[in-house]
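Understanding the architecture of this molecule
Here is how the chains run, residue by residue.
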Amino acid sequence: MYATIIKTRKLNLGYQAMKKITLGMIGFGTIGSGVVKLLRENGGLIERRLGARLFLKRIADLDITTPRVVPVPPELMTTDAAQIIDDPDTDIVIELMGGYEPARSFILAALANGKHVVTANKALLATYGNEVFMVADRHDVDIRFEASVGGTIPIVKTLKESLVGNQIDSFMAIMNGTSNYILSKMTDEEKPFDVVLKEAQALGFAEADPTFDIEGIDTAHKLAIALSLAYGKRVDIDEIYREGISGISMQDLEFAKEFGYRIKLLALAFSRGDLVEARIHPTMIPVDAMLANVNSNFNAFHIIGSSSGPVFLYGQGAGMMPTASAVISDIIDIARGMLHGVSRLVPYRSLGEDIIDDIRLIPFPEIRTNYYFRFMAADKAGVLSKISGILGEMNISIASVIQKGRKKDGAVPVVMTTHKARERDVREALARIDRLDVVHEPTVLIRIEDERL
Ligand code: HSE
């Protein structure tokens, strides 16, 4: 049924038969179903825009019997991925199974067989990207991964193409919908973390094991990919400082409000000469900052380019159709190149694989930022002076102080914000303060970002 010959014009080579680009998809879960649905619903539109037909020849999945939200004829399905990877007709392999193995082996085999690849697999690219891109480069094929970061948001294209003439001065992003959903609910409905997490799990907004999302691991995978696009270099994800949201308490959300902040799990990257500062942690940001108003499970990116100035992208970071939209855009990019007999006009990352090198990150103890501290201290004369004395000795300048709230086990919250201080000094000061007998609990530290937003 796809054999129709349509006359079309291709470059200046005159009229010829409309091309058919053959796709094979590995993984038929939520995103895979979205891709099939999108191809069905918008097939005609895509065909007109592309000037070619996208033909999904085969779908591989271990489970080919469970009915999907988007049913497909049984003959389209196989449990054997080799039927796609080794199929001489297949031009583009779409990997949507996720995880490390066998996704890695399937992608490497497809690339080695000269097939272009589209994937949404951030964990794989963040961990094995160097190997995957090297194999793609060696076989002169393309690999695209728009859906791996920010779901539907065109952040990969923005960093690699739209902002290609800019130094990326700063990159600040909410890249995990689950954490953002939980923090938004905690803030707006004044419910503690555990309660909101359970609700989120019941509604399908959080996984049964939410560790990857709430501890910032998913964000780290996405930031590692974004860094390689923004700075044209590779980064080892284990070198990126990472802190999740499981320690955020209602008390700190309330104090944040008093200081005019909201707390968001941010991925932050700043250009520092030849070095890059990159970190992931709950961050207090001004309530009127655009990122502070990105709520529920939405993602957003606030980028400042050296010439562009601020650029803000907002949208769904996950979900069946939003993610499928990004996958289809990658397929069409590759298909457009194929129709013109070119591939890889744009490098996989922001530099060619032959010149890309490792990113040099600023060691985390050397970063300088503003801080929020919550001390749980005895409510008696001299306590504040002991605390502020240590902060002063460590060159940490206090910007504001509040003592407020009810005594709990003989301690009251004393809350401070600071001017810019060095992380190493802050850690040492807090270690000394926490040893004071008037301080009853480990001090809470939350970093503040209010300059570039
Ligand atoms: N688990 C991710 C999130 C979605 O919560 O944003 C997929 O990247």
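None of the values given here were measured: they were computed from a predicted structure. (Residues numbered from 1 in each chain as written. Predicted model: local features only at pLDDT ≥ 70, side-chain atom pairs only at ≥ 80, totals over all residues. Heavy atoms only, no water.)

Attention now moves to the sheet that holds strand S4 (residues 52–60). Overall, parallel pairing links the six strands, which are arranged S5-S4-S3-S6-S7-S8 in an open sheet. Among the strands making up the open sheet, the edge pair consists of strand S5 (77–78) and strand S8 (143–144). When strand S6 (residues 92–95) meets strand S7 (residues 116–119), the two strands line up parallel, connected through four bridges. Residue pairing across strands places Ile94 opposite Val118, the latter belonging to S7. Of the strands in this sheet, strand S3 (19–26) and S4 are in contact with helix H1 (residues 30–50), which crosses S4 at around 165 degrees. (Pairing = 2+ DSSP bridges. Helix = DSSP H or I, 4+ residues; strand = E, 2+ residues; numbered from the N terminus. Contact = heavy atoms within 4.5 Å. Axes fitted to C-alpha atoms, helices over the stretch in contact; angles between N-to-C directions.)

Formed by 81 residues in total, the largest nonpolar core has its most connected members in Phe171, Ile182, Leu227 and Phe301. Broken down by element, the residue count for this core peaks at eight residues, all from helix H9 (residues 217–230). (Core = buried A, V, L, I, M, F, W, Y, C linked by side-chain atoms within 4.5 Å. Buried < 20%, exposed > 50% of the residue type's maximum accessible area, 1.4 Å probe, protein only.)

Another point: the pattern of salt bridges. Within the structure shown, the criterion is met by 35 salt bridges. Note that Glu277 is salt-bridged to Arg279, the shortest N-O span being 2.8 Å. The exposure class assigned to Glu277 is buried, which follows from its relative accessible area of 2%. Classification of Arg279 as buried rests on a relative accessible area of 1%. The structure contains a network of salt bridges with shared partners spanning Asp142, Arg144, Lys157 and Asp333. (Salt bridge = Lys/Arg side-chain N within 4 Å of Asp/Glu carboxyl O.)

In low-pLDDT segments, the atomic positions of the prediction should not be examined closely. Looking at the chain as a whole, the pLDDT averages 94, with 96% of positions reaching at least 70. Here residues 1–15 scores under 50 on pLDDT; set against residues more than four positions off or in separate chains, the count is 24 contacts. (pLDDT = per-residue confidence, 0-100.)

Right, let's get into the site of the ligand. Looking at the ligand, the residues that line it are Lys122, Asn176, Gly177, Thr178, Asp213, Asp218, Lys222 and Ala318. In this structure, Lys122 approaches the ligand through a side-chain N or O atom, which is 2.7 Å from an oxygen atom. The contact in question runs from an oxygen atom of the ligand to an N or O atom on the backbone of Gly177, over 2.7 Å. Protein contact buries 80% of the 260 Å² of open area that the ligand shows by itself. Broken down by class, the residue content of the shell around the ligand amounts to one nonpolar, three polar and four charged. (Near = heavy atom within 4 Å. Polar contact = N/O pair within 3.5 Å; in protein donor to acceptor, adjacent residues only side chain to side chain. Areas by Shrake-Rupley, 256 points an atom, 1.4 Å probe, with all protein chains shown as cover. Nonpolar A, V, L, I, M, F, W, Y, C, P; charged D, E, K, R; others polar.)

As a further point, take helix H13 (residues 423–434). Compared with the 16 Å implied by 1.5 Å per residue over 12 residues, the 16 Å span of H13 between its first and last C-alpha is a close match. Those residues of H13 that sit buried are Glu423, Asp425, Val426, Ala429, Leu430 and Ile433. Along the long axis of H13, the arc covered by the buried residues comes to 155 degrees, so they all point the same way. Buried residues belonging to H13 abut strand S17 (368–378), helix H12 (383–393), strand S20 (421–422) and strand S21 (444–448). (Expected span 1.5 Å × (residues − 1). Arc of directions from axis to C-beta.)

This part covers unusual backbone geometry. In the segment running from Glu101 into Pro102, the intervening peptide bond is cis, with an omega of 5 degrees. When you line up the elements, Pro102 lands in the loop between S6 and helix H3 (103–112).

Here we take up the packing of helix H6 (residues 177–189) against helix H7 (residues 193–202). Contact geometry of H6 with H7 gives a least axis separation of 9 Å together with a crossing angle of 125 degrees. With respect to H7, the element H6 is oriented oblique. In the crossing of H6 with H7, the sense of the turn from one axis to the other is right-handed. Note on element contacts: H7 touches H6 through Phe193, Val196, Leu197, Glu199 and Ala200, opposite Tyr181, Ile182, Lys185, Met186 and Glu189. Looking at the contact of H6 with H7 residue by residue, the classes come out as seven nonpolar, no polar and three charged. (Parallel < 35°, antiparallel > 145°, perpendicular 65-115°, else oblique. Left-handed = near helix turned anticlockwise from the far one by under 90°.)

In this section: the environment of Asp354. Residue position: Asp354 is located in the loop between helix H11 (320–339) and strand S16 (357–358). As a C-alpha pair, Asp354 and Asp169 span 185 residues in sequence and 25 Å in three-dimensional space.

Within a regular strand, side chains alternate between the sheet's two faces. A large share of strand S9 (residues 168–174) lies buried, amounting to six of its seven residues. Here six bridges tie S9 to strand S14 (residues 298–305), and the two strands are oriented antiparallel to one another. Across the sheet, the residue bridging to Ile174 is Ala300, located in S14. Here S9 runs beside strand S12 (residues 261–272); their pairing, made up of four bridges, is antiparallel. Within S12, the residue paired with Ala173 across the bridge is Ala267.

A few words now on the packing of aromatic side chains. In this structure the tally under the stated criterion is 10 aromatic pairs. Ring centres of Tyr241 and Phe364 lie 3.7 Å apart, and the angle between their planes is 0 degrees; on these two criteria the pair is classed as stacked. Here Phe364 lies in the loop between S16 and S17 and Tyr241 lies in strand S11 (residues 241–242), a separation of 123 residues in the sequence. For Phe364, a relative accessible area of 14% corresponds to the buried category. Plain terms: the ring middles of Phe259 and Tyr372 are 6.3 Å apart, the flat faces sit at 85 degrees to each other, and that makes the pair edge-to-face. Here Phe259, found in the loop between helix H10 (250–258) and S12, pairs with Tyr372, found in strand S17; they are 113 residues apart in sequence, far enough to count as distant. Following the ring pairs from residue to residue traces out a cluster consisting of Phe133, Phe145 and Tyr348. Over the face of the ring belonging to Tyr128 we find Arg104, whose NZ or CZ atom lies 5.2 Å from the ring centre. (Phe/Tyr/Trp six-rings, centres within 6.5 Å; stacked < 30°, edge-to-face > 60°. Lys NZ or Arg CZ within 6 Å of the ring centre and 35° of its normal.)

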